[in-house]
Amino acid sequence: MPLQSIYWKNGKIVIIDQTKLPKKLVYKTLENINDVAEAIINMRVRGAPLIGVTAALGLALVAHKHRYDKRDKVLSELHEAAETLRRTRPTAVNLFNAINSVLDIAEKSSDPAKATIEYAIKMMNKDIEINKKMAEVGQSIIEDGDIILTHCNTGSLATVSVGTALGVIIMAHRLGKKIKVYATETRPKLQGARLTAFELVEEGVDAYLIPDTAVAHTMKTKGITKVLLGADRILGDGTLYNKIGTFQIAILAKEMGIEFYTVAPTSTFDLKSSRAEVEIEERDAKEIIYVSECQIAPETIRTFNPAFDETPPEYITGIVTEYEVLYPPFEESIKRLFNKIREER
Ligand code: MRU
């Protein structure tokens, strides 16, 4: 059974504290909205879909606390909590999409507390179903003999369960496809080393961990056939925002004729923003001056520590969603998919 990263338990949220992995599997209870914001900012929970679900459940915590209050009071508490959550991490659009859809449901309901709690729990459970579908859809791009490079962590730990890109990879392995996986360490937060390697080992996938600096060499010498990674935001023209390092991997893949796929649910799409409007999170200098507790650079060095980068659509072979694999021209294929979803509602 794949791990589940988050639960709703008797009016509280229980998460796997990902900062403790891979040494310890520690569960932490989040009791209020400040706990939730802290867990997102300090990456106890991370990964775009999981951040979105955590925010929704964070609003459910507030709704639960105020469930006996008047409708107006519940709504004003929800809006205040939403502002706190919006300030946590700016790049993954799932956070904003989740907050907006919860508030929309609450506003339309005569009992916003009940509606919020029910909707957030539904969103949590639906995430697992969506990821299972994405893993199935993604099988059409994985063949026996594929040697796959992946970046960051896109597994159960980046979602409620199952994962996005790693979900596709793990399902391929479970179906008996003969694949090999190379996972980058993903400095500075080491999501690849700490989390992806952990999930790959748990699943018994034929996998290797490589330093981020070894991507070109690995592509050239180990016969990488495909790159599969996740997304924190995809714009209407297919522009991809994902973990820092994604753009350089995309450039290398194109140069070496390697297919480059991103795997993302439709909740990761942002059809409204332009590139100029997307904020790329910059994180604390300490993350690159220290590895864990160990100082590896002078304390006073100036740093630049972007958490994400932007990959233009011309580097992307395909986008795996829970509905279908989208191919270029993305402006058209994305529009067509979202029109279809709207019509079916
Ligand atoms: O900073 P993180 O760990 O939240 O970044 C995670 C990523 O960049 C993932 O690739 C992305 O969220 C997709 S995960 C399903």
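Not measured: the values here are computed from a predicted model.

Peer 1: How do you make sense of the packing of aromatic side chains when you look at a structure like this?
Peer 2: The geometry of an aromatic ring pair is captured by two quantities: the separation of the ring centres and the angle between the planes. The tally for this structure, following the rule as stated, stands at three aromatic pairs. Seen in terms of ring centroids, Phe247 and Tyr315 are 5.7 Å apart; in terms of plane orientation they differ by 85°. Their pairing is edge-to-face. Within this pair, whereas Phe247 is found in helix 9 (residues 246-255), its partner Tyr315 is found in the loop between strand 14 (308-311) and strand 15 (318-320), the two being separated by 68 residues in sequence. On the accessibility criterion, Phe247 (28% relative accessible area) is partly exposed. Here Phe269 and Phe338 contribute two aromatic rings whose centre-to-centre distance is 5.4 Å and whose plane-to-plane angle is 55°, an arrangement assigned as tilted.

Peer 1: Whenever I open this one, the site of the ligand confuses me. Can you help?
Peer 2: Inspection of the region around the ligand gives 18 residues, with Ala48, Arg89, Asp232, Asn242 and Lys243 positioned closest. Take Arg46: an N or O atom from its side chain is 2.9 Å from an oxygen atom of the ligand. Out of a free accessible area of 410 Å², the ligand has 100% covered by protein chains. When contributions to the shell around the ligand are tallied by element, the ones reaching two or more residues are helix 2 (48-65) and strand 9 (240-243). Each residue belonging to the shell around the ligand can be placed in one class, and the counts come to seven nonpolar, seven polar and four charged. Taken domain by domain, the makeup of the shell around the ligand includes at least three residues from each of domain 1 (6-132) and domain 2 (137-344).

Peer 1: Just checking my understanding: could you explain the nonpolar core for this structure?
Peer 2: For soluble globular proteins, nonpolar side chains are generally found buried alongside one another. Counting residues in each nonpolar core, the largest one holds 42 residues, and the members touching the most others are Ile6, Ile13 and Leu78. Looking at this core, the elements with two or more residues in it are strand 1 (6-9), strand 2 (12-16), helix 1 (33-41), helix 2, helix 3 (71-86), helix 4 (93-108) and helix 5 (112-137). Looking at this core element by element, the count peaks at 11 residues for helix 2. Once residues lying within four places of it in the same chain are set aside, the contact partners of Ile6 are Ile13, Val14, Ile15, Leu50, Val53, Thr54, Leu57, Met124 and Val160.

Peer 1: Is there a simple way to explain the packing of helix 1 against helix 2 in this structure?
Peer 2: Packed helices, taken two at a time, are described by the angle their axes make and the gap between the axes. Running from amino to carboxyl end, helix 1 crosses helix 2 at an angle of 170°, the nearest separation of the two axes being 9 Å. Regarding the angle of helix 1 to helix 2, the classification is roughly antiparallel. For the pair formed by helix 1 and helix 2, the contact residues are Ile33, Val36 and Ile40 on the first element and Ile51, Thr54, Ala55, Gly58, Leu59, Leu61 and Val62 on the second. By residue class, the composition of the contact of helix 1 with helix 2 is eight nonpolar, two polar and no charged.

Peer 1: What exactly am I supposed to notice about the environment of Ile341 here?
Peer 2: Tracing the sequence through the fold places Ile341 in helix 11 (residues 330-344). Note on Ile341: relative accessible area 8%, which makes it buried. Sequence spacing of Ile341 and Lys12 is 329 residues, and the spatial spacing of their C-alpha atoms is 33 Å. Apart from the residues within four sequence positions on either side, Ile341 is in contact with Thr266 and Tyr323.

Peer 1: Help me out: how do you make sense of unusual backbone geometry in this one?
Peer 2: With the exception of glycine, most residues fall at negative phi, and the peptide bonds are largely trans. For the bond from Arg187 to Pro188, the omega torsion is 0°, close enough to zero to count as cis. If you trace the backbone, Pro188 turns up in the loop between strand 5 (180-184) and helix 7 (191-203). Residues Pro328 and Pro329 are joined by a peptide bond in cis, for which omega reads -5°. Take Pro329: it is sitting in the loop between strand 16 (325-326) and helix 11. One non-glycine residue, Met43, adopts positive backbone phi at about 60°. Relative to the elements of secondary structure, Met43 occurs in the loop between helix 1 and helix 2.

Peer 1: I keep staring at the packing of helix 4 against helix 5 and nothing clicks. Help me out?
Peer 2: In contact at an axis separation of 8 Å, helix 4 and helix 5 are set at 140° when each is read in the N-to-C sense. At the point where helix 4 passes helix 5, the crossing takes the right-handed sense. For the pair helix 4 and helix 5, the contacting residues are Ala98, Ser101, Val102, Ile105 and Ala106 in the first and Pro112, Ala115, Thr116, Tyr119 and Met123 in the second. Broken down by class, the residue content of the contact of helix 4 with helix 5 amounts to eight nonpolar, two polar and no charged.

Rules used in this analysis
Residues numbered from 1 in each chain as written. Predicted model: local features only at pLDDT ≥ 70, side-chain atom pairs only at ≥ 80, totals over all residues. Heavy atoms only, no water. Phe/Tyr/Trp six-rings, centres within 6.5 Å; stacked < 30°, edge-to-face > 60°. Helix = DSSP H or I, 4+ residues; strand = E, 2+ residues; numbered from the N terminus. Buried < 20%, exposed > 50% of the residue type's maximum accessible area, 1.4 Å probe, protein only. Near = heavy atom within 4 Å. Polar contact = N/O pair within 3.5 Å; in protein donor to acceptor, adjacent residues only side chain to side chain. Areas by Shrake-Rupley, 256 points an atom, 1.4 Å probe, with all protein chains shown as cover. Nonpolar A, V, L, I, M, F, W, Y, C, P; charged D, E, K, R; others polar. Domains from an automatic or database assignment. Core = buried A, V, L, I, M, F, W, Y, C linked by side-chain atoms within 4.5 Å. Contact = heavy atoms within 4.5 Å. Axes fitted to C-alpha atoms, helices over the stretch in contact; angles between N-to-C directions. Parallel < 35°, antiparallel > 145°, perpendicular 65-115°, else oblique. Left-handed = near helix turned anticlockwise from the far one by under 90°.

Read these as geometric descriptors, not functional statements.
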